Amino acid sequence: MGFRCGIVGLPNAGKSTIFNTLTAAAAEVASYPFCTIDPNVGIVPVPDERLDALSRLIKPKNVTPTTLEFFDIAGLVKGASQGEGLGNQFLAHIRNVDAIAHVVRCFTDTDIAHTYGTIDPRRDIEIVDTELLLADLEIVDRRLEKVNRLLRVGEKGAEEESHLLEAIKEVLDRGQRAGKFIKVAEKPLPPDLQLLTVKPIFYVANVNDPGATEQNQYIKGLQELAQAEGTPVVVIAGKLEAEIAQLNEEEQKEFRQELGLKDSGLKRLIQVGYDILGLVTFFTLVNQDLRAWTLPRGTPALQAAGKIHSDMERGFIKAEVVSFEDFISCGSEHGAKEKGVLKSQGKDYVVQDGDIIHFRFNV
């Protein structure tokens, strides 16, 4: 699994259309709030040109890409944190994802009435952010009550957690996400304290015409806000991409070329997701089975082996590693050995993006 991405936004921002685009699934799309009450879930293979190149070169019997899980979460509205529009149920779904893709409406459509009358990305973002902040404040307040009771009876660790929660509460009260504070403070949250504003977030600007981005006044405002926040923006023409997704692979390529689109919205979104989560991909080839695996950047070889199977981690001997570029240049693992570019690495070796690894183990 690559990562789990929750798609959020106001009603009619185009979340389900974007979801359909990314997963080529048939999620229901309608122009009214709460069309999506339970989240649609789609698991999609992560497109990787390196995996395709390896497959063409070595012609394995099986090729297994890493995957990405999308959750299409119902539209948030003002008062969601207080249960308006089944808001608490929707917010609970967001807590289970690794990253949040906030779909922002940057298009006009006479057939779709905007929930708040006009198109205003800054206002829409503020509405959703406020609900996430309020939901986190409620969680922090409840946790503080519990921790302070434990503090009064001398529970070990309660004082330190109380200080952390008070600091987080102050950040949230100022209308700021808790994620930046946690990163700067370098103080990990308790594992069972799942805050929404700690999760990495990026904006998905939903547009009508991907070729008119520079002329789109809504995108300009969104990008200015995002730049000030340090938040990535992905521009996707939801309806158009959904139509393209229905074509076969060759037709998709031709259509994108005609429109001047370099790659798909899925590919651009995945790249941003990998970047903000700090993920890398490595490959294995065992018994004609070529697989891609996703890990957090900085993961040592021992833990990478454990991701494949616990026996590999328990009986780890060494990792034989060659970079993707060297493997392609040499044409095979045997060629990489002959040219000396396949290296034996120990358990502390940090896996690099694009590594092709053969784990040696004994149990």
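Structure: above.
The shown structure was predicted, so the numbers you read here are calculated from the model rather than taken from an experiment.

Conventions used here
- Residues numbered from 1 in each chain as written.
- Predicted model: local features only at pLDDT ≥ 70, side-chain atom pairs only at ≥ 80, totals over all residues.
- Heavy atoms only, no water.
- Pairing = 2+ DSSP bridges.
- Helix = DSSP H or I, 4+ residues; strand = E, 2+ residues; numbered from the N terminus.
- Axes fitted to C-alpha atoms, helices over the stretch in contact; angles between N-to-C directions.
- Contact = heavy atoms within 4.5 Å.
- Buried < 20%, exposed > 50% of the residue type's maximum accessible area, 1.4 Å probe, protein only.
- 1 Å grid on protein atoms, 1.4 Å probe; cavity = no way out; pocket = protein on both sides within 12 Å on 5 of 7 lines; lining within 4 Å.
- Points joined across faces, edges and corners; volume = space filled by probe spheres on them.
- Parallel < 35°, antiparallel > 145°, perpendicular 65-115°, else oblique.
- Left-handed = near helix turned anticlockwise from the far one by under 90°.
- Nonpolar A, V, L, I, M, F, W, Y, C, P; charged D, E, K, R; others polar.

Visitor: I'd like a description of the sheet that holds strand 7 (residues 233-236), backed by residues and values.
Guide: The strands that make up a sheet are held in pairs by hydrogen bonds between backbone atoms, and each pair lies either parallel or antiparallel. Across the sheet, six strands lie side by side as 2-4-1-5-6-7; this open sheet has mixed pairing. For this open sheet the edge positions go to strand 2 (40-45) and strand 7, each flanked by a neighbour on one side alone. Averaged over all neighbouring strand pairs, the angle between strand axes comes to 25°, with direction disregarded. As paired elements, strand 2 and strand 4 (residues 67-72) share six bridges and run antiparallel to each other. The partner of I43 across the bridge, within strand 4, is E69. Packing of helix 4 (residues 121-152) onto the sheet brings it into contact with strand 5 (99-105) and strand 6 (201-206), and relative to strand 5 it is tilted by some 140°.

Visitor: Can you tell me about the pairing of strand 1 (residues 4-8), naming the residues and giving the values?
Guide: Most of strand 1 is tucked away, with four of its five residues classed as buried. When strand 1 meets strand 4, the two strands line up parallel, connected through four bridges. Counted as the bridge partner of C5 is F70 from strand 4. Judged from the four bridges that link them, strand 1 and strand 5 form a sheet pairing that is parallel.

Visitor: Report on the layout of surface pockets, specifying residues and quantitative values.
Guide: Volume-wise, the largest pocket comes out at about 910 Å³. Along its surface, the largest pocket is lined by 28 residues, and P47, E249, Q252, K253 and S264 are the ones closest to its centre. Elements with a minimum of two residues in the lining of the largest pocket: helix 1 (15-23), strand 2, helix 2 (49-58), helix 9 (249-259) and helix 10 (265-277). Here the element with the most residues in the lining of the largest pocket is helix 9; it accounts for five residues.

Visitor: With reference to specific residues and values, describe the packing of helix 4 against helix 5 (residues 158-173).
Guide: Where helix 4 contacts helix 5, the two axes come as close as 9 Å, and the packing angle between them is 155°. It follows that helix 4 is roughly antiparallel to helix 5 by the angle criterion. For the pair helix 4 and helix 5, the crossing hand works out as left-handed. Mapping the contact onto sequence places L133, D136, L137, V140, D141, R143, L144, V147, N148, L150 and L151 in helix 4 and A158, E159, E161, S162, L165, E166, I168, K169, L172 and D173 in helix 5. Residue classes in the contact of helix 4 with helix 5 are distributed as eleven nonpolar, two polar and eight charged.

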